[in-house]
Amino acid sequence: MRYLGILVIALTAFGESSESLLTQAVAKGEARGVRQALAAGAAVNAGSATRKTALIEAAERGRVEIARLLIDAGADLNLSDRGVGTALEAAEREGHAEVVALLRAAGARTSGKSVGDTVCVRPWKGDGFCGVVASVAALLSEFRIRVTEVIGCKDGCSGRVECSGGKTPRVGDEVAVPGSCLTHTGVKP
């Protein structure tokens, strides 16, 4: 442990930032390295160019112990990466149930586009459909939505190919929708 602390101090003296050391330790799954980087002053909420924080990385990789360390160090539970979403969304999408439970117990929320959330696709002058997210593809590129409500169209809305596969969504259907078509997220059911 003492050697690792000396290594962290030496690396920071040679231009390696404590945030970079934190990121590397999380990626490698090295809890000791995470502790040392935090002790050396790493900003727990520092993120990449897309705003991917150490907590999001730990959640995405299923690193429970590291996620706990970061939460205890004051990591913001609800920061969101442009491609991955929040830490909770990343853990849910990757199937890391223990990390999901830890994050939920700590008070983490999603950005409203997570499995079980209600979203709407309404690019047709207010007409469209709402439904519950059944699954989310990598990088939030596609959402499978189970339609719960059709809005504004008595017999359903004519589907736009890019937003509903060209189908006319009906209640009960499951529709593949690109993330760019979600017009309302985190909708109250």
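Just above, that's the structure.
Just so you know, the residues in each chain are numbered from 1, in the order the chain's sequence is written. At least 70 in pLDDT is required for a residue's local features to be given in this predicted model, at least 80 for side-chain atom pairs to be given and counted, and no such filter applies to totals for whole chains, interfaces and linings, which use all residues. Excluded from the side-chain calculations are hydrogens and water; all other atoms, namely the structure's heavy atoms, are used.

Novice: Now, about the pattern of salt bridges: what can you tell me, with residues and values included?
Specialist: Whenever Lys or Arg places a side-chain nitrogen within 4 Å of a carboxyl oxygen from Asp or Glu, that contact is recorded as a salt bridge. Enumeration over the complete set of coordinates arrives at seven salt bridges. A salt bridge links Glu57 to Lys52; its shortest N-O distance comes to 3.3 Å. Exposed residues in this analysis have more than 50% of their type's maximum accessible area, buried residues have under 20%, and partly exposed residues fall in between, with area computed by a 1.4 Å probe over protein chains only. Residue Lys52 is classed as partly exposed on the basis of its relative accessible area, which comes to 23%. We note a salt bridge from Glu60 to Lys52, for which the minimum N-O separation is 2.6 Å. Shared partners join several salt bridges into a network, and the residues in it are Lys52, Glu57, Glu60 and Arg61.

Novice: Give a description of the nonpolar core that names residues and reports values.
Specialist: Definition used in this section: a nonpolar core is a set of buried Ala, Val, Leu, Ile, Met, Phe, Trp, Tyr and Cys residues joined via side-chain atoms within 4.5 Å. Judged by nonpolar contacts, the single largest core of 32 residues is most densely connected at Leu22, Val26, Val34, Leu55, Ile66, Leu70 and Leu103. Numbering of helices and strands runs from the N terminus, with a helix taken as a DSSP run of H or I at least four residues long and a strand as a DSSP run of E at least two residues long. Sorting the residues of this core by element identifies helix H2 (18-28), helix H3 (31-39), helix H4 (54-61), helix H5 (64-72), helix H6 (87-94) and helix H7 (97-106) as the ones contributing at least two each. Here this core takes six residues from H5, the largest share from any one element. Residues count as neighbours in contact if any of their non-hydrogen atoms are within 4.5 Å of one another. Ignoring anything within four residues of it in the chain, the contact list for Leu55 reads Ala67, Leu70, Ile71, Ala75, Asp76, Leu77, Ala87 and Leu103.

Novice: Describe the pairing of strand S5 (residues 142-151), with residues and values.
Specialist: As paired strands, strand S4 (residues 127-136) and S5 are joined by eight bridges and run antiparallel to one another. By the bridge assignment for S5, Cys130 is matched with Glu149. For S5 and strand S6 (residues 174-178), the ladder comprises five bridges, and the chain directions are antiparallel. Counterpart to Arg144 in the pairing with S6 is Ala176. We treat two strands as partners when DSSP finds at least two bridges between them.

Novice: Describe the packing of H4 against H5, listing the residues and the values that go with them.
Specialist: Interaxial angles span 0 to 180 degrees and are taken between N-to-C directions of axes, which are lines fitted to C-alpha atoms, for helices over the stretch in contact. Taken N-terminus to C-terminus, the directions of H4 and H5 make an angle of 155 degrees; their axes are 9 Å apart at the nearest point. Overall, the two elements H4 and H5 adopt an arrangement that is roughly antiparallel. The way H4 lies across H5 gives a crossing that is left-handed. On H5, the residues that touch Ala54, Leu55 and Ala58 of H4 are Ile66, Ala67, Leu70 and Ile71. Under the scheme applied, nonpolar residues are Ala, Val, Leu, Ile, Met, Phe, Trp, Tyr, Cys and Pro; charged residues are Asp, Glu, Lys and Arg; polar residues are all the others, including Gly. Taken together, the residues of the contact of H4 with H5 sort by class into seven nonpolar, no polar and no charged. Each angle gets one of four labels, with under 35 degrees taken as roughly parallel, over 145 as roughly antiparallel, 65 to 115 as roughly perpendicular, and the rest as oblique. The crossing is said to be left-handed when, going from far helix to near helix, the turn is anticlockwise and less than a right angle, and right-handed when the turn is clockwise.

Novice: Describe H6, with residues and values.
Specialist: Turn by turn, an α-helix covers 3.6 residues, leaving residues three or four places apart pointing in a common direction. Counted residue by residue, H6 has seven buried out of eight residues, so it is predominantly covered. Among the residues making up H6, those that are buried are Ala87, Leu88, Glu89, Ala90, Ala91, Glu92 and Arg93. Check the buried side of H6 and you find it contacts H4, strand S2 (85-86), H7 and S4. Just downstream of H6 lies Gly95, where phi reads positive at about 75 degrees.

Novice: Any details on the packing of H4 against H6? Residues and values, ideally.
Specialist: For the pair H4 and H6, interaxial distance at closest approach is 7 Å and the crossing angle is 15 degrees. When the axis of H4 is compared with that of H6, the two are roughly parallel. At the point where H4 passes H6, the crossing takes the right-handed sense. In this structure, H4 contributes Leu55, Ile56, Ala59 and Glu60 to the contact, and H6 contributes Ala87, Ala90, Ala91 and Glu94. A class-by-class count of the residues in the contact of H4 with H6 yields six nonpolar, no polar and two charged.

Novice: Break down the state of the cysteines for me, with residues and values.
Specialist: Note on terminology: disulfide denotes any pair of cysteine sulfur atoms within 2.5 Å. The full count for this structure, using the stated rule, is two disulfides. Residue pairing for Cys163: its cysteine sulfur links by disulfide to Cys181, the two sulfurs lying 2.1 Å apart. Since a negative S-S torsion denotes a left-handed disulfide, the Cys163-Cys181 link at about -75 degrees is left-handed. Remark: Cys181 occurs in the loop between S6 and strand S7 (184-187) and Cys163 occurs in helix H8 (residues 161-164); sequence separation between them is 18 residues.

Novice: Now, about the layout of surface pockets: what can you tell me, with residues and values included?
Specialist: Put simply, the grid is 1 Å and covers the protein atoms alone, a cavity is a trapped set of points that fit a 1.4 Å probe, a pocket is an open set with protein on both sides within 12 Å along at least five of seven lines, and lining residues have an atom within 4 Å of a point. Grid points are joined across faces, edges and corners, and a volume is the space filled by probe spheres set on the points. Here the second largest pocket is characterised by a volume of approximately 170 Å³. For the lining of the second largest pocket, the secondary structure elements donating two or more residues are H2 and H4. For the lining of the second largest pocket, the element with the highest residue contribution is H2, accounting for three residues. Tallied by class, residues from the lining of the second largest pocket come to four nonpolar, four polar and three charged.

Function cannot be inferred from these measures alone, as they are strictly geometric.
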